[in-house]
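Structural overview for review
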Amino acid sequence: MTLFIQQVMNGIMLGSVYSLVALGLTLEYGILHIPNFAHGALYMVGAYFTFLLVTALGFSYWLAMIVAMAALALIGSLVERIVYRPLMLESPLNSFIAAIGLIFIFVDGALNIFGPDFKRFPPLNTQVFHVMGATITFQRILIVAVTAGVILLLHLFIKKTMIGATIEATAQDREGAQLMGININRVRMLVFALGTALAATAAALIAPIHLVHPGMGGPVILKAFVIIILGGMGSIPGAIIGGFIMGLVESLSGGYISTSYNEVFAFGVLVTVLAIRPTGLFGAK
Amino acid sequence: MEKEVRLFSIRRLIYLLLLILALSLPLYVTSRFFLHILIMCCIWGIAATSMNLIMGYTGQVNLAHGGFFGIGAYSAGLLMLKLGFNFWPALILACIITVFLGFLIGLLALRTKGSYFAIGTMCFNVIVTVIIENWEDLTEGARGLLGIPRPSSIPLPFGLEISFSSMASNYYLVLFFLFLTILLISRIVRSMMGRTFMAIRGNEELSESLGISAMRAKLLSFLISTFFAALAGVLYASYIGFLSPEISDYHVTFELLIYCLIGGLGTMAGPLIGAFILTVVSELLHGVPFPRLVAYGFLLVVITIFLRGGIVGGARLLWSRYSLKGKR
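Every chain begins its residue count from 1, and numbering advances along the sequence as written. As a convention, the first chain written is A and the first ligand written is 1, with the rest following in written order. Selection of residues for local features in this predicted model requires a pLDDT of at least 70, selection of side-chain atom pairs for listing and counting requires 80 or more, and totals for whole chains, interfaces and linings are taken over all residues.

**Describing the overall build of chain A**
So the rule is basically this: Each helix corresponds to a stretch of at least 4 residues labelled H or I by DSSP, and each strand to a stretch of at least 2 residues labelled E; elements are numbered beginning at the N terminus. C-alpha atoms define the radius of gyration, and 2.2 Å times the number of residues to the power 0.38 defines the globule rule. Exposure in this text rests on C-beta crowding, where 20 or more other C-beta atoms within 10 Å of a residue's own make it buried, 12 or fewer make it exposed, and counts in between make it partly exposed. The C-beta atoms are placed from the backbone. Residue pairs are scored as contacts if the distance between their C-beta atoms, which are placed from the backbone, is within 7 Å.
Along its length, chain A carries eleven helices and two strands. Against the compact-globule benchmark of 19 Å for 285 residues, chain A has a radius of gyration of 19 Å, which places it among compact chains. Reported as C-alpha extents along the three principal axes, the dimensions of chain A are approximately 60 × 50 × 35 Å. Buried residues in chain A amount to 52% of all 285 residues. Expressed as a percentage of contacts within chain A between residues at least 6 apart in sequence, the contacts between residues at least 24 apart total 75%.

Dropping the structure here:
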């Protein structure tokens, strides 16, 4: 029972991080149809930003997280402007190749600047709680709480503000939105700024628990793609629920069966769902 | 589409020259290193050409291709090492095994469309790699398969034989299979079957309304491309002699996709040009003082932005401008 509770807690923690990354990706891929495989590399850059701000410049953890979000929002919108906008009218496959190029640039760049070794955060939020025999560190509770807050803010932003409405309009019908006078180029840059800021948040949250290294984005981006397909392209609730499903499947199968077949279970879920519903859980027919 | 069919059109002349060049290369390229690069170019050329059939001509973004390459390579390696098979039967059997697995995967994956198909097949690719990595009793896991033999000699009448011990003979072997692949796939593309594939690429619903069974045609294209991916894998396994799980990784799929796109997707020459140029470029970049992969990344981004239709697309654009000028 203790093992079960522990694994569920871990699953929720992992699921929060996956949800944040997948939310950013579902905006970029689901709404703009840009298969931004470089999303994971930007997540890694966000983790390095937070790490360096805390260790080298002595920022507090929260301030570092906010600065990293802002910096990544800027990088994300620049990536859209410089790399993806010229490819706007081409097949998504072209953007896919450009994204792979970006991965090489960011990951190998980080490898050359920071070296291949794993960076450890100075101890933060080390309080420990015991719930029904399971141990939970304060950082893990923080991850879930911040994720819930960010999702709420995102929801309010999209549903209640004018700028949010332009994103939703673009998602529903791009030509229609353009005819209503919405500047698609601005929406694209905004979506990228938002998406990469979400990835940076996720990275800043998980970095004190997992270590920071140049390859950290790879496995996460694969899972994020699986999550948004699992939930249905462009569906925000789909990305959130898909993220938690993925986190729980991963931690429960890791706890009870084997960690080496981790990915088989995680990706097997998608294969099973697609076999039953070819357009994902929340996808339109 | 040429209207005039002459015996000596420019196109045929170019093909003939290329054929002579390819056949005579080992006469003046004696460096083992260059021959090695050429052999790798041919193997990746086969894999990229086969990917082009499902992706470029049928319009299905199959991201499990590297997985099939790996399954082919591992099946051949295991058949030869563990069951003591000869190279030639192992080649055929490995392709059959891969096509059978491809049939099971395709049946499931082809129910989905567009991005769902792309990411779904990518999942299969990851699952294949994880299984190869962890099924240690069968595949030796991360240690890899060592000592896969080169093809056995083919006996000829009068006591002669074709042996595959020298680099040049290995080059001719992969070149033969590359020509075979190009010949068969270009035949398929020009046949009624190829037209069906392209109709599905254009508009699946519309093609179904014309009485095409889209599922059957897609599955067929998927299986043919799987077959040639396995062939490339078998050639790789026996040439390199060593296999590790990374050879089935999704990174291999991405690399093949890059070859197809940089060269020009949906053209016969594109994937070959892409495979040859990028294999050579990544070898040449070894001498660059700048971080190699960062340079490669910049190259990919710049080429995709400025050369939309790939190298073949760019060349066609130039050619049409040139011929327009001539007519004026």
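**Section: the overall build of chain B**
Across its full length, chain B carries 14 helices and four strands. With respect to the three principal axes, the spread of C-alpha positions in chain B is 65 × 50 × 50 Å. Each of the 328 residues in chain B was classed as buried or not, and the buried ones make up 45%. Residue pairs in contact within chain B that sit at least 24 positions apart in sequence constitute 75% of those at least 6 positions apart.

**Some words on the environment of B:Leu63**
Residues and elements named next belong to chain B. Within the secondary structure, Leu 63 sits in the loop between helix H2 (32-57) and helix H3 (65-82). Using a count of 26 C-beta atoms within 10 Å as the deciding quantity, one classes Leu 63 as buried. Distance from Leu 63 to Ala 118, taken between C-alpha atoms, is 5.7 Å for residues 55 residues apart in sequence. The contact partners of Leu 63, leaving out residues within four places of it in the chain, are Ala 118, Thr 121, Met 122, Asn 125, Tyr 250 and Thr 253.

**Considerations on the packing of helix H9 (residues 217-231) of chain A against helix H5 (residues 114-134) of chain B**
Rules: All axes here are fitted lines through C-alpha atoms, helices being fitted over the stretch that makes contact, and every angle between N-to-C directions spans 0 to 180 degrees. When an angle is under 35 degrees it counts as roughly parallel; over 145 it counts as roughly antiparallel; between 65 and 115 it counts as roughly perpendicular; any other value is oblique. Crossing handedness: left-handed means the near helix sits turned counterclockwise from the far one by under a right angle, and right-handed means the same turn made clockwise. When residue character is reported, Ala, Val, Leu, Ile, Met, Phe, Trp, Tyr, Cys and Pro are called nonpolar, Asp, Glu, Lys and Arg charged, and the others, Gly included, polar.
Between H9(A) and H5(B), whose axes approach to 10 Å, the crossing angle comes to 135°. Between H9(A) and H5(B), the interaxial angle falls into the category oblique. Taken as a pair, H9(A) and H5(B) cross one another with a handedness that is left-handed. Contact with H9(A), carried on its side by A:Leu222, A:Phe225, A:Val226 and A:Ile229, involves B:Ser115, B:Tyr116, B:Ile119, B:Cys123 and B:Val126 of H5(B) and no other residues of that element. Considered class by class, the residues forming the contact of H9(A) with H5(B) number eight nonpolar, one polar and no charged.

**Here's the deal with the packing of helix H3 (residues 61-84) of chain A against helix H8 (residues 184-206) of chain A**
Packed helix pairs are characterised by how far apart their axes lie and by the angle those axes make with each other. Residues and elements named next belong to chain A. The geometry of H3 relative to H8 is characterised by a closest axis approach of 7 Å and an angle of 140° between their N-to-C directions. Considering the relative orientation of H3 and H8, their crossing is right-handed. Across the interface between the two elements, Ala 64, Met 65, Ala 68, Met 69, Leu 72, Ala 73, Ile 75, Gly 76, Ser 77, Val 79, Glu 80 and Arg 81 of H3 pack against Arg 188, Met 189, Phe 192, Ala 193, Gly 195, Thr 196, Ala 197, Ala 199, Ala 200, Thr 201 and Ala 204 of H8. By residue class, the composition of the contact of H3 with H8 is 15 nonpolar, five polar and three charged.

**A closer look at the interface of chain B and chain A**
Contact residues are listed per partner, giving 30 residues for chain B and 34 residues for chain A. The set of elements that each furnish at least two residues to the side of chain B that touches chain A consists of H5, helix H11 (250-263) and helix H13 (292-306) of chain B. Per-element tally for the side of chain B that touches chain A: the top contributor is H5(B), with eleven residues.

**Quick look at the nonpolar core**
Note the threshold: The term nonpolar core refers to a set of buried Ala, Val, Leu, Ile, Met, Phe, Trp, Tyr and Cys residues connected through C-beta atoms within 7 Å.
If you look at the biggest cluster of nonpolar residues, it comprises 195 residues, and the most contacted ones within it are A:Val21, A:Met44, A:Leu72, A:Leu102, A:Val226 and B:Ile43. If one sorts the elements of this core by residue count, H8(A) sits on top with 16 residues.

**Some points on the pairing of strand E1 (residues 128-131) of chain A**
All names here are of chain A. Cut-off, in case you're wondering: Any two strands are treated as partners once DSSP identifies two or more bridges connecting them.
Two strands pair when backbone bridges link them, and E1 and strand E2 (residues 134-137) are joined in this way by four bridges, in the antiparallel orientation. Residue pairing in the sheet places Val 128 in a bridge with Thr 137 of E2. Hairpin connection from E1 to E2: two residues lie between these consecutive antiparallel strands, with Met 132 at a positive phi of about 50°.

**Here's the deal with helix H1 (residues 10-28) of chain B**
The periodicity of an α-helix, 3.6 residues per turn, causes residues three or four places apart in sequence to face the same way. Residue and element names in this part refer to chain B. Note the cut-off: Here the expected span of a helix is defined as 1.5 Å times the quantity of residues minus one. The angle between axes fitted to the seven-residue stretch ending at a residue and the seven-residue stretch beginning at it gives the bend at that residue.
Relative to the 27 Å expected for 19 residues at 1.5 Å per residue, H1 spans 26 Å between its end C-alpha atoms, a close match to the ideal helical length. Helix geometry: H1 is bent most strongly at Ala 22, by close to 35°, with proline Pro 26 lying one to four residues after it. Here H1 lies mainly on the outside; zero of its 19 residues are buried.

**As for unusual backbone geometry**
A positive phi angle is found at A:His33, which is not glycine, with a value near 60°. Inspection of the secondary structure puts A:His33 in the loop between helix H1 (2-31) and helix H2 (39-55). Assessed through the 16 C-beta atoms surrounding it within 10 Å, A:His33 is described here as partly exposed. Residues other than glycine seldom take positive phi values, yet B:Glu140 does so here, at roughly 70°.

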